[in-house]
Amino acid sequence: MSNDEADEQQAFRAVLPELRVWDTELPSFDPGAVPQTPLTLFHRWFVEAAAAGQTEPHAMTLATADADGRPDVRTLLLHDADERGWHFASHATSAKGRQLAGRPWAALGFYWPARGRQIRVRGAVSAAGPQESRADLGVRSTGALASALTGRQSDVLGSSEELARASEAAWERARADPRAPAPTWTRYVLAADEVEFFQGDARRRHVRLRYRRTTPGPATNGGDWSRELLWP
């Protein structure tokens, strides 16, 4: 290890033990007074996180597995959450797109420290059709469209200059044609069979409530879900 590396490690280890979590008053959570479906509780917690000033509450982690079963994870944005499931989008040719094509199961994680809360979602993932995928891109910003048009997500990049040229061309096209197609852009839906709600507690008596689907059917059918508490 070089001197610079040793110094960086020392600085890291000096900072890490001093960090504190949930430096705010945490809300209470009564698991005995929750809705029958996880979707309803997710909507409630999401709105409360936004109202509490949580930065980018729609940012979430997406975990997938590659062809060898090795896990992979990244952060992206939630596009919707409805009776079909939790929606997000990416290029079908990206690493996550290829992984989902081979192993169509995934997990999502939301973390909202402003409320001391996190939510874990697991289930099967399906790709929406071309029409819905085009519509997903059509309602996004010019920058989002330009990013999608740049394409080649997850491919090896030769240089930052190469990216700059491709990005500039994509921005010009996005401005000229707000409905420009990005053929590999795909909207995905994760149909949950398990959703866990975690409420932090200052005394570390965290509340963990897990919903589990008991029978197939629409996510809005309350009879499809069981509820159980987990040890923190």
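Definitions and limits used
Residues numbered from 1 in each chain as written. Predicted model: local features only at pLDDT ≥ 70, side-chain atom pairs only at ≥ 80, totals over all residues. Heavy atoms only, no water. Helix = DSSP H or I, 4+ residues; strand = E, 2+ residues; numbered from the N terminus. Buried < 20%, exposed > 50% of the residue type's maximum accessible area, 1.4 Å probe, protein only. Contact = heavy atoms within 4.5 Å. Areas by Shrake-Rupley, 256 points an atom, 1.4 Å probe, with all protein chains shown as cover. Lys, Arg positive; Asp, Glu negative; His and termini not counted. Charge placed at Lys NZ, Arg CZ, Asp CG, Glu CD. 1 Å grid on protein atoms, 1.4 Å probe; cavity = no way out; pocket = protein on both sides within 12 Å on 5 of 7 lines; lining within 4 Å. Points joined across faces, edges and corners; volume = space filled by probe spheres on them. Salt bridge = Lys/Arg side-chain N within 4 Å of Asp/Glu carboxyl O. Core = buried A, V, L, I, M, F, W, Y, C linked by side-chain atoms within 4.5 Å. Phe/Tyr/Trp six-rings, centres within 6.5 Å; stacked < 30°, edge-to-face > 60°. Axes fitted to C-alpha atoms, helices over the stretch in contact; angles between N-to-C directions. Parallel < 35°, antiparallel > 145°, perpendicular 65-115°, else oblique. Left-handed = near helix turned anticlockwise from the far one by under 90°. Nonpolar A, V, L, I, M, F, W, Y, C, P; charged D, E, K, R; others polar.

Asks: Where do I start with the overall build of the protein in this structure?
Replies: Helix and strand counts for the protein come out as 6 helices and 9 strands. Dimensions of the protein, computed from C-alpha atoms along their principal axes, come out at roughly 55 × 55 × 40 Å. Split into buried and exposed, the 232 residues of the protein put 38% on the buried side. If you take every contact in the protein between residues at least 6 apart in sequence, the share linking residues at least 24 apart comes to 63%. Carbon and sulfur atoms provide 51% of the accessible area of the protein, an area that totals close to 13,800 Å². Side chains of the protein carry 29 positive and 30 negative charges; the gap between the two charge centres is 5 Å.

Asks: Before we go on, may I ask you to explain the layout of surface pockets in this structure?
Replies: Where empty space is left becomes clear once a probe the size of a water molecule has been rolled over the atoms. Roughly 430 Å³ of internal volume is contained in the largest pocket. His91, Ser147, Gly151, Arg152 and Gln153 are the residues nearest the centre of the largest pocket, which is lined by 24 residues in total. At the level of secondary structure, the elements contributing two or more residues to the lining of the largest pocket comprise β2 (71-77), β4 (85-91), α5 (142-150) and α6 (160-176). Counted as a void, the second largest pocket has a volume near 300 Å³.

Asks: I'm lost on the pattern of salt bridges in this one. Help?
Replies: Two side chains bearing opposite charge may form a pair once their charged atoms approach each other closely. As enumerated under the stated definition, the model contains 13 salt bridges in all. Salt-bridge contacts for Glu194 lead to Arg122; the nearest nitrogen and oxygen are separated by 3.5 Å. Residue Glu194 is found in strand β7 (residues 185-199), and its partner Arg122 is found in strand β6 (residues 117-127); the two are separated by 72 residues along the sequence. Its relative accessible area of 15% is what places Glu194 among the buried residues. In this structure, the salt-bridge partner of Arg208 is Glu196, at a minimum N-O distance of 2.6 Å. With Arg208 in strand β8 (residues 207-213) and Glu196 in strand β7, this pair connects stretches of sequence that are 12 residues apart. You'll find Arg208 and Glu196 in the same group, each marked buried. What you see here is one network of salt bridges that share partners, running through Arg84, Glu132, Asp136 and Arg187.

Asks: It is not clear to me how the nonpolar core should be interpreted in this structure. Could you clarify?
Replies: In summary, soluble globular proteins display a tendency toward joint burial of nonpolar side chains. Core analysis: the largest hydrophobic core is formed by 30 residues, its most contacted members being Phe42, Trp86, Phe110, Ile119 and Val121. Every element with two or more residues in this core is listed here: α2 (38-51), β1 (59-65), β4, β5 (105-112), β6, β7 and β8. Not counting residues within four places of it along the chain, the set of residues in contact with Phe42 comprises Leu78, Ala81, Trp86, Phe110, Trp112, Ile119 and Phe197. Membership of the second largest hydrophobic core comes to 11 residues, among which are Ala89, Leu145, Ala148 and Ala180.

Asks: Just checking my understanding: could you explain the packing of aromatic side chains for this structure?
Replies: Aromatic ring pairs: the centre-centre distance and the angle between the two ring planes describe each pair. Per the stated rule, a full pass over the model turns up 12 aromatic pairs. Note on Phe29 and Trp45: the rings are 5.1 Å apart at their centroids and 75° apart in plane angle, and the pair reads as edge-to-face. Residue Phe29 is located in the loop between α1 (3-15) and α2, and its partner Trp45 is located in helix α2; the two are separated by 16 residues in the primary sequence. Note on accessibility: Phe29 and Trp45 belong to one class, buried. Relative to Trp112, the ring of Phe110 has its centre 5.8 Å away and its plane inclined at 50°; by these criteria the two rings are tilted. Exposure remark for Trp112: the relative accessible area of 0% places this residue in the buried category. Aromatic ring contacts, followed pair by pair, group Phe29, Trp45, Phe197, Tyr211 and Trp225 into a single cluster.

Asks: Is there a simple way to think about unusual backbone geometry in this case?
Replies: Glycine aside, residues mostly have negative phi, and peptide bonds are mostly found in the trans state. Phi angles above zero are rare outside glycine, and Glu56 is one such case at about 45°. Tracing the sequence through the fold places Glu56 in the loop between α2 and β1. For Glu56, a relative accessible area of 49% translates into the label partly exposed.

Asks: Got a minute to help me understand the packing of α5 against α6 in this structure?
Replies: When two helices pack together, their arrangement is given by the angle between the helix axes and by the axis-to-axis distance. Between α5 and α6, whose axes approach to 8 Å, the crossing angle comes to 125°. When the axes of α5 and α6 are compared, the pair comes out oblique. Regarding α5 and α6, the two cross each other, and that crossing is right-handed. Each of Thr142, Gly143, Leu145, Ala146, Leu149 and Thr150 in α5 lies in contact with α6, whose residues at this interface are Leu163, Ala166, Ser167, Ala170, Trp171, Arg173, Ala174 and Arg175. Of the residues assigned to the contact of α5 with α6, the class counts are 8 nonpolar, 4 polar and 2 charged.

Keep in mind these values describe shape, not function.
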